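# Geometric and topological summary
As a plain string of letters, each chain reads:
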Amino acid sequence: MHRFSRHRPPSNPREHIQRNLYARSALQRKRLFHNSAPNYNSRLRYIIAGIVIIGVFLHSGSILKHLVISEVNDINGDIVHKSYSSTSNYELYHKKINDPSTITRVEKKEAPLMEVPSHQAVRPNDSIQEEEKDEMDPIDPDEEVEKESVPVVPQKGLPPFDNFKCSFRKYKPNRYYDVKDLSLDFLSKAEYIRGELPFVINPPSHDGSTPKKLCTDTSQWEEILPNHRPFSDGQNPSFVSLKRYPYGTQKDQPRINKDTIEPLVQIYGESLMENLYLGLLLFGDSQCRWNMSVEELETNKFSPLQKAPSKRSLVMVLNNKLDPIGTAVLELEHDAIWGEKKKFGVIKKKDGSGYDTSIVELDDARLFFHDGRLNVLYRNGPSFGYEKQVQNPIHFEKVSDTEFKATIRASETFSICCGRNIAFISEMPKHNADDGIVSERKLHALTWVDPVTTKEVQYPKIIKRKDGKDNERRRLAMRKKSSIHGTNGYLVPLHSTNELLGIAHFHRPEHRQQSDYARHGHHYTHALFTLEPTELSSEGGIEIDSFKLKRLSNEFVFSSPSSDNENAADVIQFASGLDLIGSDLNGQLMVSYGINDCEAAVVFLEMEKINELLLPVEDGHEVQNMMQKLDQISENTK
């Protein structure tokens, strides 16, 4: 029995007081319990609500089980993008991909400190300074996850040719450019080279060269709806011949050393290498679906994804029919600190056998040769700033009898500033064709086409200036110039005329504002040009002093392979690859170009025709001196 039992009277006043206090506290506890605990009706409501929630959850699960969910992390580990692909319900797929809830935040992974002084120590993935958006809309790199997440693409068992996915896409009417249609003011009132309208350089009705689409399998990083096209077929292609003597002469050193591509020789054989092509293809933020409705996407069987499922640069080996026979993702080897703003540190493999690799941003990647090596030039705004162009030699490694790996090394990175779509000059032509090609040890960069602005580049050292500015650019800012910009990354030597051949582009209007046509620039045209090197005699022999504009074609476009209009081009055409196969007199010019930031093509043009299109430029004149409005021509002919 409790010592404060109510059945026994209190023995003394103190016990009486204690009993009263206990009774009061017990009553308070009882009241508190009744106020906080639900009654039977409340409990019943909770039970019913729980049953409803479980029912909704099970119903949702019956729908979501038809969805395939994939996640793509950025390199910082900050954002996970979940993309949903449905095999039965397109509308549900589209609804889910636009749902903001599919963007979730994950825990940021710790990265090793970079090997820099302690007062400057930052983590590889930390940004030192916020950057403005790149005008070329640079891509973000994939997240660096486990090594197995970025496998070398197997060469054996490449998917068979898909007639549907490897055919050219059909776009909305406003994504084609009729060069004879002047109904738009930004076309009719614009200036053109020599005041002449652009022309189609490969018209289909006049036995013009037919472009071939570059096609590869994207299923390794993308879930594709049945009977639909992938998010992107590849952008900004840059392809070259693997011939060691592509210009038809073997009297000088080869353009590319055998040891540079020895792993590829071991896989494909030395004799076959002479008929192969190698290049880069970017997969990232494409404009395939630009300004298309849900219905139009489904009608044309385009991917409904709004974000790129993955972002990578793919090294491709093509046979003589331009079909892929080998691919590998180009990765960065972290053997040194990489970057000047957003930096990445040295990352060693866990087993101590070398350095780890990862996918990094390679925007507008293009190829060039120097000193027998194959190099890639690109931009990476977050890590190097938006005015610099970055370069690296490419290294190949044989993985198996059918596989190869392609990497660039952080320790061999060098950058130059400042220009727009900079191209390199390495092979210097000799006027006498019998002398072949003389590869100068010095490397020059064409930073601007108008006016022609070049500089000597130290290879592979990084160029730094005390004041952080470029003298050539200051002089350039004081001169009137046109809106022409370089396109390809390497100027091809023409040994019969002692010139260097390049290709450049315009887009109209000149600004890069978003429009119904494209995210940035649109209505592109191209022009071929040649530079003549000026030679000076010195104690060490012949040296190159400068370059001047020698010949310039009128503006042209490539015939759109998906339009029935023979005067039509695509509103976005970007010729990022140029190479000469055979003699510059009767050989072929290989041009690789992108279409609507969505797909890639290669076209071969006869050099006899190219030489007819290249017209002489008056000595001392630049492109700007050749620009005229259409009405100026009519007035001059009166």
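Residues numbered from 1 in each chain as written. Predicted model: local features only at pLDDT ≥ 70, side-chain atom pairs only at ≥ 80, totals over all residues. Heavy atoms only, no water.

The next subject is the sheet that holds strand 14 (residues 373-379). Spatially, the 4 strands line up as an open sheet ordered 13-14-15-18, and their pairing is antiparallel. Both outer strands of the open sheet, strand 13 (363-370) and strand 18 (414-416), are each paired with one neighbouring strand and no more. Within this sheet the neighbouring strands show an average axis-to-axis angle of 30°, counted without direction. Bridge count for strand 14 against strand 15 (residues 389-393) is 4 bridges, and the pairing is antiparallel. Across the sheet, the residue bridging to L377 is Q391, located in strand 15. (Pairing = 2+ DSSP bridges. Helix = DSSP H or I, 4+ residues; strand = E, 2+ residues; numbered from the N terminus. Axes fitted to C-alpha atoms, helices over the stretch in contact; angles between N-to-C directions.)

Another aspect to go through is the confidence of the model for the chain. On average, the chain scores 76 in pLDDT, and the residues at 70 or more come to 67%. Within the model, pLDDT remains below 50 along residues 1-7, and this stretch shows 10 contacts once partners closer than five positions in the same chain are excluded. (pLDDT = per-residue confidence, 0-100. Contact = heavy atoms within 4.5 Å.)

Enumeration over the complete set of coordinates arrives at 2 disulfides. Each sulfur of the disulfide joining C166 and C215 lies 2.0 Å from the other. Between C166 and C215, the S-S torsion sits near -65°, and that sign places the bridge as left-handed. Highlighted residues: C166 in the loop between strand 3 (103-105) and strand 4 (176-178) and C215 in the loop between strand 7 (212-213) and strand 8 (235-241), separated in sequence by 49 residues. (Disulfide = S-S within 2.5 Å.)

L278, L330, V376, F396 and F404 are the most contacted members of the largest nonpolar core, which totals 78 residues. Residues in contact with L278, not counting those within four places in the same chain, are S238, F239, V240, L242, L264, V315, M316, V317, L367, L374 and F396. Residues L491, L552, V617 and V623 belong to the second largest nonpolar core, which totals 22 residues. (Core = buried A, V, L, I, M, F, W, Y, C linked by side-chain atoms within 4.5 Å. Buried < 20%, exposed > 50% of the residue type's maximum accessible area, 1.4 Å probe, protein only.)

Our next topic: the environment of F574. Along the chain, F574 falls in strand 29 (residues 573-581). As for F574 and H505, which are separated by 69 residues in sequence, their C-alpha atoms are 7.7 Å apart. Those residues within four positions of F574 in sequence are excluded, and the remaining contacts are N236, N421, T487, H505, Y524, H526, S592, Y593 and G594.

To continue, consider the packing of aromatic side chains. Using the criterion set out here, one finds 14 aromatic pairs in the structure. A centroid spacing of 5.1 Å and a plane angle of 65° characterise the contact between W221 and F283, whose relative ring orientation is edge-to-face. Of this pair, W221 sits in the loop between strand 7 and strand 8 while F283 sits in strand 9 (residues 277-283), and the two are 62 residues apart along the sequence. Both residues of the pair, W221 and F283, belong to the buried class. Between the aromatic rings of Y524 and F574, the centroid separation amounts to 6.5 Å while the plane-to-plane angle is 80°, which identifies the pairing as edge-to-face. Of this pair, Y524 sits in strand 25 (residues 524-538) while F574 is found in strand 29, placing the two residues 50 residues apart along the sequence. Of the two residues, Y524 and F574, both sit in the buried class. Over the aromatic face of F164 sits the side chain of R229, whose NZ or CZ is 4.5 Å from the ring centroid. (Phe/Tyr/Trp six-rings, centres within 6.5 Å; stacked < 30°, edge-to-face > 60°. Lys NZ or Arg CZ within 6 Å of the ring centre and 35° of its normal.)

To continue, consider the side chain of T487. Following the sequence through the fold, T487 ends up in the loop between strand 22 (485-486) and strand 23 (492-494). Among the polar contacts listed, one links the side chain of T487 to the side chain of H505, at a separation of 2.8 Å. Not counting residues within four places of it along the chain, the set of residues in contact with T487 comprises R366, N421, I503, A504, H505, H526, F574, A575 and S576. (Polar contact = N/O pair within 3.5 Å; in protein donor to acceptor, adjacent residues only side chain to side chain.)

If you walk through the whole model with that rule in mind, you get 20 salt bridges. Between K172 and E296 there is a salt bridge, and its shortest N-O distance comes to 3.8 Å. Of this pair, K172 sits in the loop between strand 3 and strand 4 while E296 sits in helix 7 (residues 294-299), and the two are 124 residues apart along the sequence. Among the residues examined, K172 registers a relative accessible area of 18% and is labelled buried. Through salt bridges with shared partners, a single network forms among R169, K213, D233 and E599. (Salt bridge = Lys/Arg side-chain N within 4 Å of Asp/Glu carboxyl O.)

Of the pairings in the sheet, the one linking strand 16 (residues 395-398) to strand 17 (residues 404-409) comprises 4 bridges and is antiparallel in character. The partner of H395 across the bridge, within strand 17, is T407. With antiparallel pairing between neighbouring strands as the criterion, strand 16 and strand 17 make up a hairpin whose turn holds 5 residues.

Below, the discussion takes up unusual backbone geometry. Note that the residue after D450, namely P451, is joined by a cis bond; omega there is -15°. Residue position: P451 is located in the loop between strand 20 (437-448) and strand 21 (453-457). Backbone torsion omega between R508 and P509 reads -5°, so that peptide bond is classified as cis. Relative to the elements of secondary structure, P509 occurs in the loop between strand 24 (499-507) and strand 25. Phi is positive for N498, close to 60°, though the residue is something other than glycine. With respect to the helices and strands, N498 occurs in the loop between strand 23 and strand 24. Positive phi is not limited to glycine here, since D597 has a value of about 50°. Within the secondary structure layout, D597 lies in the loop between strand 30 (588-595) and strand 31 (599-606). What makes D597 partly exposed here is its relative accessible area of 22%.

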